[in-house]
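An overview of the molecular structure
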Amino acid sequence: MATAVTVPGSGVDVREWARRAGALSPVLAVIALLLVPGGGGAQGGTGGTGTVADAASGLLVVICLVRVLRGGARPLTRAAAVVLGLPVLGICLAAITSNDPAASLPGVARYVQVFVLVPAAVLLTIRDRRDFAVIAWGLVAFALLQGAVGVAQYLTGTGASYQGEDVRAVGTFGATDVMGMATVVAYGLVVVTGIALGSGPGRVRTVATVCAALLFVPLVLSFSRGAWIATVLTCAIQLLLAGVRRAARVALVAAALGVVLVGGLGVGSTMVKERVGSITQVAAAPDQSVTDRYTMWAASGRMWRTEPVTGIGLKGFPQYRDSNASLALSSGSDTAGAGAAFARQPLLSPHNMYLLVLSEQGLVGLLALAGSWLALLVGALRRQRLGADCALVATGLLAWQLIDFFYADIGGPSTVLMSVVFGLAAWWSLAEVRRA
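The rules behind each value
Residues numbered from 1 in each chain as written. Predicted model: local features only at pLDDT ≥ 70, side-chain atom pairs only at ≥ 80, totals over all residues. Heavy atoms only, no water. Helix = DSSP H or I, 4+ residues; strand = E, 2+ residues; numbered from the N terminus. Buried < 20%, exposed > 50% of the residue type's maximum accessible area, 1.4 Å probe, protein only. Axes fitted to C-alpha atoms, helices over the stretch in contact; angles between N-to-C directions. Parallel < 35°, antiparallel > 145°, perpendicular 65-115°, else oblique. Contact = heavy atoms within 4.5 Å. Nonpolar A, V, L, I, M, F, W, Y, C, P; charged D, E, K, R; others polar. Pairing = 2+ DSSP bridges. Core = buried A, V, L, I, M, F, W, Y, C linked by side-chain atoms within 4.5 Å. Expected span 1.5 Å × (residues − 1). Polar contact = N/O pair within 3.5 Å; in protein donor to acceptor, adjacent residues only side chain to side chain. Salt bridge = Lys/Arg side-chain N within 4 Å of Asp/Glu carboxyl O. pLDDT = per-residue confidence, 0-100. Patch = residues over 30% accessible without salt bridge, like charges linked within 9 Å, V, L, I, M, F, W, Y side chains within 5 Å. Areas by Shrake-Rupley, 256 points an atom, 1.4 Å probe, with all protein chains shown as cover. Left-handed = near helix turned anticlockwise from the far one by under 90°.

Our focus in this paragraph is the overall build of the chain. Along the chain, the regular secondary structure elements total 16 helices and four strands. By residue count, 52% of the 436 residues in the chain fall in the buried class.

Dropping the structure here:
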């Protein structure tokens, strides 16, 4: 059976946290090793594999498997096995029916890694709420580190190129994965927002509030419209779940903070205003990046219509892109800065996870994968009464990811962190929980 959740005391000493960190070291290693540069770039779809963090995630799965075999008990409840295993149906069916099954095999491995094996391993590694808290704060620590690097890049002009200036905060992920730091910082911001709105000790909530203010700055300096939208909507959801009155008070404080940082201190003021303004112009006067995205979305729809049930096959989007895209699609996006020379990065995915799955795995794949995610979200919402802190964090992380999937898909070194996030959410949604 899955590990039962127990109610911890209000205080945790350093030795206890160190002991737990040691037991959770396989998961924490996946997070920490994202600092090691990878050669996978930020390829879309199922690209971007082969990093040290990916290897650590494989080791995590092996360690978890050994623990399960030594324990001798059934590791997952039936519901957990069904929810986490459901995506395998669409993944394998799409690979078998693909025009080139051999070319689809790397895609099978990537999808199973990110959405099945690593989340299941994280779920089985976490034993109680304190384990959940250690991993969640590990995400926050990593986000603060990446955010600090990103702010330094903006201040020193050593970031990725944006509007002809090397000011875009990308952290250690480099110019080829401009969404990496934005994703990490957003995860951290969502976690500390959930903790600050929870029912934990006042000191912990104060620290979380300070961390949220610190993470707000690098998120702004990432110039990532998709991350901004997903974070604002997710924090609004967390606020509403925490209570309408508190939502109103926090919204006023957040608005004041934004005015002070952007308006008063001039944090990326001109560029930020232009970037925010461009969000409302995506229909009337879209820039080339938005035009490319619309064009690839339309191409995904055409691909799906050719094979509506099982899709064109995993890793098939790049092969079928040009034959389905209009002439409005550019040859790629420009990348430069953050220690990298100018390069033209090909557009290998539609930058929409739902359309990527629909085109490559068809209706069966989309229903299986999205059904698994929806089950996790419903489970997290239903268990809100069992513990505000865990519920707000798990629900927030899931909501952020599912919203961001409208603007992004899997690809790049930061993808493996997504699997850890799904694992955290899966533990809260699927573990046997007792009322706090």
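Take the packing of helix α7 (residues 178–196) against helix α9 (residues 225–242) next. Where α7 contacts α9, the axes come no closer than 10 Å and their chain directions differ by 10 degrees. Taken as axis vectors, α7 and α9 run roughly parallel relative to one another. Only Ala227, Thr231, Thr234, Cys235 and Gln238 of α9 make contact with α7, whose side of the interface consists of Met179, Ala182, Ala186, Leu189, Val190, Thr193 and Gly194. Considering only residue class, the contact of α7 with α9 consists of seven nonpolar, five polar and no charged.

The pairing of strand β1 (residues 160–162) with strand β2 (residues 165–168) spans three bridges and is classified as antiparallel. Paired with tyrosine 162 across the strands is glutamate 165, a residue of β2. The turn joining β1 and β2, which pair antiparallel and follow one another in sequence, is formed by two residues; a positive phi near 55 degrees is taken by glutamine 163.

Okay, the nonpolar core next. One finds Tyr111, Phe115, Phe132, Met353, Trp373, Phe405 and Trp428 to be the most contacted residues of the largest nonpolar core, which totals 105 residues. Ranked by residues supplied to this core, first place goes to helix α16 (residues 415–430) with 12 residues.

In this model helix α8 (residues 202–221) runs 30 Å from its N-terminal to its C-terminal C-alpha over 20 residues, within 8% of the 28 Å that 1.5 Å per residue would give. Following α8 by one or two positions, phenylalanine 223 has its phi on the positive side, about 55 degrees.

Following the sequence through the fold, glutamate 360 ends up in helix α14 (residues 353–382). Engagement of the side chain of glutamate 360 in a polar contact is seen with the backbone nitrogen of phenylalanine 317, the distance being 3.1 Å. Aside from chain neighbours lying at most four places away, what touches glutamate 360 is Ala94, Tyr111, Thr310, Gly311, Ile312, Gly313, Leu314, Lys315, Gly316, Phe317 and Pro318.

This part covers helix α2 (residues 25–32). Along α2, the positions that sit buried rather than exposed are Pro26, Val27, Leu28, Val30 and Ile31. The inward-facing, buried residues of α2 contact α1 (14–23), α3 (52–71), α5 (101–125), α6 (129–156) and α16.

So, about the pattern of salt bridges. One pass over the full model with this rule turns up three salt bridges. Notably, a salt bridge pairs arginine 110 with aspartate 54, separated by 2.7 Å at the nearest N-O pair. Of the two residues, arginine 110 is situated in helix α5 and aspartate 54 in helix α3; the sequence distance between them amounts to 56 residues. By the burial criterion, arginine 110 is buried, and aspartate 54 matches it. Arginine 127 is the salt-bridge partner of aspartate 131, the closest N and O atoms lying 2.8 Å from each other. Aspartate 131 gets classed as buried once you look at its relative accessible area, which sits at 0%. Its relative accessible area of 31% is what places arginine 127 among the partly exposed residues.

With respect to the element layout, alanine 169 can be found in the loop between β2 and α7. Note on alanine 169: relative accessible area 0%, which makes it buried. Considering only alpha carbons, one finds alanine 169 and alanine 182, 13 residues apart in sequence, at a separation of 8.2 Å. Dropping the residues within four chain positions of it, alanine 169 is found in contact with Gly150, Gln153, Met181, Pro218, Leu221 and Ser222.

For the chain, per-residue confidence averages 84 on the pLDDT scale, and residues scoring 70 or more make up 81% of the total. Low pLDDT (under 50) marks residues 40–49, which in the prediction has 39 contacts with non-local residues, meaning those over four places away or in another chain.

On to unusual backbone geometry. For phenylalanine 223, which is not glycine, the phi dihedral falls at a positive 55 degrees. Its location among the elements puts phenylalanine 223 in the loop between α8 and α9. A relative accessible area of 0% means that phenylalanine 223 is categorised as buried. We note that histidine 351 has phi near 55 degrees; this positive angle belongs to a residue other than glycine. Structurally, histidine 351 can be placed in the loop between β4 (340–345) and α14. A relative accessible area of 25% means that histidine 351 is categorised as partly exposed.

This next bit is on the environment of threonine 234. By the secondary structure assignment, threonine 234 is in helix α9. In this view, threonine 234 contacts Val190, Gly396, Ala399, Trp400 and Ile403; residues no more than four positions away in its chain are not counted.

A word on a nonpolar patch on the surface. There is a patch of nonpolar side chains on the surface, built from Leu59, Val62 and Val66 and spanning about 260 Å² of accessible area. Note on placement: valine 62 falls in helix α3. Since its relative accessible area comes to 46%, valine 62 is described here as partly exposed.

The N-to-C vectors of helix α15 (residues 388–404) and α16 enclose an angle of 135 degrees; their axes lie 9 Å apart at closest approach. Overall, the two elements α15 and α16 adopt an arrangement that is oblique. By crossing handedness, the relation of α15 to α16 is classed as left-handed. Facing α15, whose interface residues are Cys390, Ala391, Ala394, Leu397, Leu398 and Gln401, α16 presents Met418, Val421, Phe422, Leu424, Ala425, Trp427, Trp428 and Ser429. Residues of the contact of α15 with α16, tallied by class, amount to 12 nonpolar, two polar and no charged.

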